[in-house]
Amino acid sequence: MATILLYYTFNERHVDFNNNMLGFNGREARLAGRVREMEEQNQLLRRQLTLSQNHLVAAMKTNHSGKPQTTQPPCQKLETADIPKCEVIHVAIVCAGYNASRSVVTLIKSILFYRKNPLHFHLLADSVAQVILQTLFSSWSVPQVEMSFYLADNVVPDVSWIPNKHYSGVYGLMKLTLPKVLPPALQRVIVLDTDVTFATDIAELWKLFSKLQEKQSIGLVENQSDWYLGKLWKKHRPWPALGRGYNTGVILLELKRLRELGWGQLWRLIAEKDLMTHYTTSLADQDIFNAIIKQHPYLVYNLPCQWNVQLSDNTRSELCYTEVTDLKVIHWNSPSKLKVKNKHVEFFRNLYLTFLEYDGNLLRRELFGCNITKTSLKDRELSKLNEEDPCYEFRRARVNRLRTHLYFLDYDFEPSTDGSDVTLVAQLSMDRLQMVEMLCKHWDGPISLTLYMSDAEAQQFLSYALSSEVLKDRKNIGYHIVYKEGDFYPVNLLRNVALQQVNTPYVFLTDIDFLPMFGLYTYLKKSIQSLDLESSKKALVVPAFETQRYRTSFPRSKAELLRMLDMGTLFTFRYHVWTKGHAPTNYAKWRSATTPYRVQWEPDYEPYVVVRKDIPEYDTRFVGFGWNKVSHIMELEAQGFDFIVLPNAFIIHMPHAPSFDIAKFRGSAQYRRCLKILKNEFVKELGHRYSRVFETEDS
């Protein structure tokens, strides 16, 4: 079975594109190149999918004995017909928790890849998934895609009385509430599980609503396992079902008909009756849907089985397809997901992985001919920019709203009740990933990290985190993915994303390549209380040092650090390349200090500080290298913050290869000129905002 490998090449090419400065005067060439690249990537992906599909066809022409396969699938061939190109297709999904939020993104990618119609997604989500997905889709900004959210908490009482053994818990029952939850004006909707993947245009499924007869209100695919036949093991007593029963991973719901039927009362009465003999549901909503259909078979329309090819173990799914064109929806309806047993599982896994790692930015394509596209804030801001401005690319980078997936992994942390809890805030890209484990060994408090990655890199990070002995059980780290786009590293936007998600009253603003001293978390909490940060404008400075050795022992105390300074194995941070950045900390005084001391802000000062969470955000005009932290500290000074150096705290910068942004700064005179222009604009705006006079480089 062929594997789809080209997506790795795609992402490598995309990184190469992002990591090359093509000059500031070649905007038209860059734009044309970007369009060509997107077209080529889509064409290559489709070509690779076709190649793998041909292998699947060849595999399906013979059975395990090598003889021609003669069994025909018990599913009808589908008619292909178009719906009006501007008709909106409505899709409902129940989504709860961190893991389901990741799954729903892959599902939606597969729908967007093939779609030719406007879409409206209706997400019945818990509070966790709602925050994640609202941010994701508002920042994704896919044309002609609307999102509506409905809080699952509001209907938990409707289904929580039902005992349920299914791993999905109470949320596995919530599809029963959709006719109540969705807007009364919405007449029909496609309902999907989060673990399905589309292999065709969803409009083909939407078209099948026209096949439903007068009383038919629910379109379902027959169950492809023997579950409802009751023969899987001795004393197996499934819920009542019509024949083999039906799988509810893909449903067509005629909402208007169900409401007229009194759906809410109907399913409740049947569920109450069957629970008297079955005591609990094993397959969540699927058991209750099947019990309803058993009593009211006129309600169901049998969808062709290609619309829900079920990949749990012990299914008849292979009878659903003889050609790859038969495949419409792949359903990973097993707790073991990608590890299920199926003769063609490699093909299905590769199809899934392709969408998992596919660059979601390429799915922002416009549907022409439908005048329903709303002008985005980004488009309005871009229209104000002058493309002849030599610093246009910098200004454009500030306007970009990058696709953002908050809480990529489980997060569970409640701040301490003493009101002094503090979260470490940092950002990183893939080349700094190895620092995360080291950081966690030094800091046991909460952490908020923003990771700037491609879709493929995000999956590599996921595997890394879930397999790491250090990270896999840490639930007090919020990992937030901002997906790569454009030529610049959006450092201050990344910091803002991490800062916005903090749930403690204080933050420690640092960088990922610094290791805190052991015990710094506890020391900072005590300092916050003793220095009364709650009722005063103070920024607590944590002195920064560096080592130029990749292997060195980490000092366990201030005394040990001072000895290493004297021996020349440690240095004050950037003493040899950027003295102004940390000189005001007054390291000479710190050596003998036993109590906190106040220092005076000076231009270009950029210490690492502990402050209240409600400080101003970082200025996003500064991208890449240069003035990104300086500007933030300068605004704290403008707001009247006092800078207090902590006498027994320190962090140490670990060595690493220079970033690409530093190379761009050093290698491009135009880059340096634009940075100077941006600095002067910022300083003038800051002075005007706070009625202060700050010197610019032109002063």
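Refer to the preceding data block for the structure.
This section reports on the structure supplied with the text. (Residues numbered from 1 in each chain as written. Predicted model: local features only at pLDDT ≥ 70, side-chain atom pairs only at ≥ 80, totals over all residues. Heavy atoms only, no water.)

1. Re the overall build of the protein
Part 1 of the argument: Across its full length, the protein carries 22 helices and 23 strands.
Part 2 of the argument: Across the 699 residues of the protein, 58% fall into the buried class.
Part 3 of the argument: When contacts within the protein are restricted to residue pairs at least 6 apart in sequence, long-range pairs at least 24 apart make up 80% of them.
Part 4 of the argument: Of the roughly 30200 Å² that the protein leaves accessible, carbon and sulfur atoms contribute 52%. (Helix = DSSP H or I, 4+ residues; strand = E, 2+ residues; numbered from the N terminus. Buried < 20%, exposed > 50% of the residue type's maximum accessible area, 1.4 Å probe, protein only. Contact = heavy atoms within 4.5 Å. Areas by Shrake-Rupley, 256 points an atom, 1.4 Å probe, with all protein chains shown as cover.)

2. With respect to the sheet that holds strand β18 (residues 544-546)
Part 1 of the argument: Here four strands make up an open sheet; going across it, the order is β16-β23-β18-β19 and the pairing mixed. The open sheet is flanked by β16 (514-516) and β19 (571-572), the only strands paired with a single partner.
Part 2 of the argument: Note: β18 against β19, two bridges, orientation antiparallel. Directly across from E546, in β19, lies its bridge partner F571. (Pairing = 2+ DSSP bridges.)

3. Describing the pairing of strand β12 (residues 422-429)
Within a regular strand, side chains alternate between the sheet's two faces.
Part 1 of the argument: Extensive coverage of β12 is indicated by the burial of eight of its eight residues.
Part 2 of the argument: Side-chain alternation along β12 places V422, L424, A426 and L428 on one buried face and T423, V425, Q427 and S429 on a second face that is also buried.
Part 3 of the argument: Looking at chain direction, β12 and strand β15 (residues 506-509) are connected through four bridges and run parallel. Each residue of the ladder has a partner; that of T423, found in β15, is V507.
Part 4 of the argument: Alignment of β12 against strand β13 (residues 447-453), held across six bridges, turns out to be parallel. When the bridges of β13 are listed, V425 appears paired with S448.

4. Regarding the pairing of strand β21 (residues 608-612)
Part 1 of the argument: Of all five residues that make up β21, four are buried, and the element is covered over most of its length.
Part 2 of the argument: As defined by bridge partners, β15 adjoins β21 across four bridges and the pair is classed as antiparallel. From the neighbouring strand, F508 faces β21, where its bridge partner is V610.
Part 3 of the argument: Alignment of strand β17 (residues 538-542) against β21, held across three bridges, turns out to be antiparallel. Note that in β21 the partner of V542 across the bridge is Y608.

5. Considerations on helix α9 (residues 263-278)
Part 1 of the argument: Taking 1.5 Å of rise per residue, 16 residues should cover 22 Å, and α9 covers 22 Å from first to last C-alpha, within 8% of that figure.
Part 2 of the argument: Taken together, the buried positions of α9 are W263, L266, W267, I270, A271, D274, L275 and H278. An end-on view of α9 places all buried positions within 150 degrees of arc, on one side of the element. Away from its buried face by more than 90 degrees, α9 exposes Q265, K273 and M276. (Expected span 1.5 Å × (residues − 1). Arc of directions from axis to C-beta.)

6. As for the state of the cysteines
Part 1 of the argument: Evaluation of the coordinates by the stated rule reveals two disulfides.
Part 2 of the argument: In this model C391 forms its disulfide with C674; the gap between the sulfur atoms is 2.1 Å. Measuring handedness by torsion sign, the sulfur bridge of C391 and C674 sits at about -95 degrees and is left-handed. Taken together, the positions of C391 in the loop between α12 (377-383) and α13 (392-399) and C674 in helix α22 (residues 669-690) put the pair 283 residues apart, joining distant regions of the chain. The residues C391 and C674 share a single accessibility class, namely buried. (Disulfide = S-S within 2.5 Å.)

7. Some remarks on helix α11 (residues 345-357)
Every α-helix carries 3.6 residues per turn, so stepping three or four residues along brings you back to the same face.
Part 1 of the argument: Over its 13 residues, α11 runs 18 Å from end to end, which matches the ideal 18 Å to within 8%, given 1.5 Å per residue.
Part 2 of the argument: Among the 13 residues of α11, 12 are classified as buried, and the element is accordingly described as predominantly covered.

8. Looking at the pattern of salt bridges
Pairing between side chains becomes possible if they bear opposite charge and their charged atoms approach one another.
Part 1 of the argument: All told, the structure shown has 28 salt bridges when counted by the stated rule.
Part 2 of the argument: Between E469 and K472 there is a salt bridge whose closest N-O contact spans 3.1 Å.
Part 3 of the argument: The class of K472 is partly exposed, set by a relative accessible area of 31%. (Salt bridge = Lys/Arg side-chain N within 4 Å of Asp/Glu carboxyl O.)

9. Brief notes about the nonpolar core
Part 1 of the argument: Among the nonpolar cores identified, the biggest contains 114 residues, and W443, L449, F461, F508, L520 and L524 are the most heavily contacted of them.
Part 2 of the argument: The element best represented in this core is α22, accounting for seven residues.
Part 3 of the argument: Residue contacts for W443: discarding those within four places in its chain leaves V422, T423, L424, R474, F508, P516, L520, Y521 and L524.
Part 4 of the argument: Among the nonpolar cores identified, the runner-up in size contains 62 residues, and A100, L205, L252 and F355 belong to it. (Core = buried A, V, L, I, M, F, W, Y, C linked by side-chain atoms within 4.5 Å.)

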